[in-house]
Amino acid sequence: MLRGDRDNPWRSPFDYRHPNTGTPSQQSHNSIVPLDGEMGARAVGLPFAMSSSSNRVTPPSSDAAYLISAAVCAILISLPFLAVTLPPITDLPQQTAQIRLLLESMSQDDTPYRVQWLHPNKLGYAPLLISWLATTPLAAGRLGVLLIGLLWVVALHGLARATGRAPAAAGLACVFFFNHLTYWGLLNALIGLPVFALWFILIERIQAHRLPANHRLPAKHGLLLLATAGLLYSAHVLWLAAGLAWLTVATLVAHLSWRTLATRLAWVSPVLVAALVWYPQLQQSGFVSDTHWGRSPFGRLHPEWWLNSALGGLEGHVEPTLGLVICGWLILGALSWRRPNTGSGDRTDVGHRGLLLAGTCFIVVALCLPAVIQSTIFFASRWLPVGVVLVVLGWPQPQMRPVFRMLVPYLVLASLVIATTAVWIDFEQRDLNGLPTALAAIPPEQRVLGLDLVRTSERIKGFPFYHLYAYSQVLHGGELARSFANFGSSLVVFRDMPRTFPWTEGLDWRAKKIRRSDMDHFQYVLIYGDANTQSPFLSDPRLQPVTAERLWRLYKVEAGDAAATPAESGT
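Owing to the predicted nature of the structure, the values given are computational and were not obtained by experimental measurement. (Residues numbered from 1 in each chain as written. Predicted model: local features only at pLDDT ≥ 70, side-chain atom pairs only at ≥ 80, totals over all residues. Heavy atoms only, no water.)

1. Concerning the packing of helix 12 (residues 303-310) against helix 15 (residues 384-394)
One way to put it is that helix 12 packs onto helix 15 with a least axis distance of 8 Å and a crossing angle of 85°. Judged by the inter-axis angle, helix 12 sits roughly perpendicular to helix 15. On the side of helix 12, the interface is formed by Trp-305, Trp-306, Ser-309 and Ala-310, while helix 15 contributes Leu-384, Pro-385 and Val-388. Partitioning the contact of helix 12 with helix 15 into residue classes produces 6 nonpolar, 1 polar and no charged. (Axes fitted to C-alpha atoms, helices over the stretch in contact; angles between N-to-C directions. Helix = DSSP H or I, 4+ residues; strand = E, 2+ residues; numbered from the N terminus. Parallel < 35°, antiparallel > 145°, perpendicular 65-115°, else oblique. Contact = heavy atoms within 4.5 Å. Nonpolar A, V, L, I, M, F, W, Y, C, P; charged D, E, K, R; others polar.)

Have a look at this one:
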């Protein structure tokens, strides 16, 4: 007799029954067969299946347990974003400025911009737009990223519940929201994970169905595949590629035919065609670059690369320490996996094979792809947090006291959040000293140049000062020395792409390339540096200090008629 009958509290969340009899329907090829661990997997030809009573250490958690866990994780993840005004997220000012350009383009006819509504890589702007409409422009960026973090919490707990994993596993997976993609502000890459979680669950449900003789997919499942593939496309075209790759792997590993795979891919072919039509347009916009491989696959086995790719936000010992704790947790889970049954009635948790397989695929991809291709940074490392999240979710839980098994993941998350909040507050007070005053002093609709003469922080990894001057456009409109509107993958772009300008290219990235003639094209210059680095600008008679005696200083350019607009200078 199969487990999972109507009165059995151990049945899998996806252990479907006929609505009338409570037993598996045998009357239709389209009926759903039960998924109950290894037995259910063999029934549908799956080599992996949902966790069930045959591989759990404890009975399945109630819905209330998942809701409580999600609420705790949501509160914790919110703390850093509510504690500061300007979080250290590199691209966030430029991403938020896109929302101002969007609203201006929708309300005015004479702007130099156009909106790419149907192109991929746009879903990440939705939380920013919602936050912009609900709050202030300055708060829209951080609250938009927070909304994406809350989507992670909901998606990971939903995925854990759907696959029968413990709520604490989802809590531990939430740790990896604070990864290097978050700190760089790659919002479209971040928002793709919740969509992929939905895609994963949908494929698992489809796999649970007995195929009809003609291999056709039921229309309702096909339409759901199409809709979810559209969401993957809108998140990022790379997420669409990842989703189609997982659909292929899951179908073939289940020993289903190529005809079945072709039928499933046929349902999502409109989205694939849209991506193929879009790609040449991206190249024509100038969004191209050389391919850089970075570290070799063997070089990426170094613990430092793993730590900076799976997390990669905070300088210091916090991330390495928590990384060791998480590794210890996984080692204990692996030991429990191999431990024989003691006869006490508890069964060894063998994990969820589908999650482990998907996570392993993402990790292998992260190890093998180039670091940069087609101007897409973190082309390889962006997949490591995804792989780690799925592996942590699917990994066997350690055999220990239930209270420890429940508390340790949340203590790890709380430790990272407390450290992150403290560092963000310190970063804002010290490294952003003078920035709010300088931003407030910029008049509306000015052309602003930002010069970062420091580049790196003692507190945050990467280059957190890179685009901070773009908050001037967020608050006051105007133009920037460099705008995401000149990137073909953005939501709002210039009508004439790619656009060239009369000043030195890349000044916000390489401030020391500045030439005296570059100043003539701007009304204001926002400079980050100490007194020594600011002294050459203080001695320039064309620059009138507006704010002074702080790390961030604003100068007004007294250039007269020399500050020609790009249109007037023939560009």
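Read on, since the account is not over.
2. Description of the packing of helix 2 (residues 63-83) against helix 5 (residues 137-162)
Where helix 2 meets helix 5, the axes come as close as 9 Å, and the angle between the chain directions of the two elements is 160°. Between helix 2 and helix 5, the angle falls in the class roughly antiparallel. Our pair here, helix 2 against helix 5, has a crossing hand that is right-handed. Side by side, helix 2 and helix 5 meet where Asp-63, Tyr-66, Ser-69, Ala-70, Cys-73, Ala-74, Ile-77, Ser-78, Phe-81 and Leu-82 of the first sit next to Arg-142, Leu-143, Val-145, Leu-146, Gly-149, Leu-150, Val-153, His-157, Ala-160 and Arg-161 of the second. Its residues assigned to classes, the contact of helix 2 with helix 5 shows 13 nonpolar, 4 polar and 3 charged. (Left-handed = near helix turned anticlockwise from the far one by under 90°.)

3. Comments concerning the state of the cysteines
For the structure shown, the criterion picks out 0 disulfides. Cysteine Cys-73 is unpaired, with the sulfur of Cys-174 as its nearest cysteine sulfur at 4.2 Å. On the basis of relative accessibility, which here comes to 0%, the residue Cys-73 falls in the buried class. Given the relative accessible area of 1%, Cys-174 is considered buried. (Disulfide = S-S within 2.5 Å. Buried < 20%, exposed > 50% of the residue type's maximum accessible area, 1.4 Å probe, protein only.)

4. Topic: the pairing of strand 2 (residues 447-452)
With 6 of its 6 residues buried, strand 2 lies for the most part within the structure. Of the two faces of strand 2, the one lined by Arg-447, Leu-449 and Leu-451 and the one lined by Val-448, Gly-450 and Asp-452 are each fully buried. As judged from the 2 bridges shared by strand 2 and strand 3 (residues 479-480), these two strands associate in the parallel manner. The partner of Val-448 across the bridge, within strand 3, is Leu-480. Assessed by its sense of winding, the connection that carries the chain from strand 2 through helix 18 (residues 471-476) to strand 3 is right-handed. By the bridge criterion, 5 bridges tie strand 2 to strand 5 (residues 524-528) in an arrangement that is parallel. (Pairing = 2+ DSSP bridges. Right-handed = clockwise from strand over helix to strand, strands pointing away.)

5. Topic: the pattern of salt bridges
For the structure shown, the criterion picks out 14 salt bridges. Between Glu-479 and Arg-447 there is a salt bridge, with its nearest N and O atoms 3.7 Å apart. Placement of the pair is Glu-479 in strand 3 and Arg-447 in strand 2, with a sequence separation of 32 residues. Overlapping salt bridges, with partners in common, bring together Asp-426, Arg-430, Asp-431 and Arg-459 in one network. (Salt bridge = Lys/Arg side-chain N within 4 Å of Asp/Glu carboxyl O.)

6. So, helix 9 (residues 219-235)
Count 3.6 residues to each turn of an α-helix, and residues three or four apart come out pointing the same way. A rise of 1.5 Å per residue sets the reference length of helix 9, with its 17 residues, at 24 Å; its end C-alpha atoms lie 24 Å apart and thus fit the reference within 8%. For helix 9, every residue scored as buried is listed here: His-221, Gly-222, Leu-225, Thr-228, Ala-229, Leu-232, Tyr-233, Ser-234 and Ala-235. Those residues of helix 9 that are buried are in contact with helix 8 (187-207), helix 10 (237-253) and helix 11 (258-284). (Expected span 1.5 Å × (residues − 1).)

7. Digging into the confidence of the model for the protein chain
With 84% of its residues at a pLDDT of at least 70, the protein chain reaches an overall mean of 85. Of the regions scoring below 50 in pLDDT, residues 1-59 engages in 131 contacts with residues more than four places distant in sequence or in other chains. When the criterion is pLDDT under 50, residues 341-346 qualifies, and its contacts beyond four places in sequence or with other chains add up to 2 contacts. (pLDDT = per-residue confidence, 0-100.)

8. A closer look at the sheet that holds strand 2
Whenever strands of a sheet pair, they do so through backbone hydrogen bonds, lying parallel or antiparallel. Pairing in this open sheet of 5 strands is mixed, and the strands run 3-2-5-7-6 from one edge to the other. Of all strands in the sheet, those with a lone pairing partner are strand 3 and strand 6 (543-545), marking the two edges. Two elements, strand 6 and strand 7 (residues 552-557), share 3 bridges in a ladder whose sense is antiparallel. If you follow Gln-544 over to strand 7, its bridge partner there is Lys-556.

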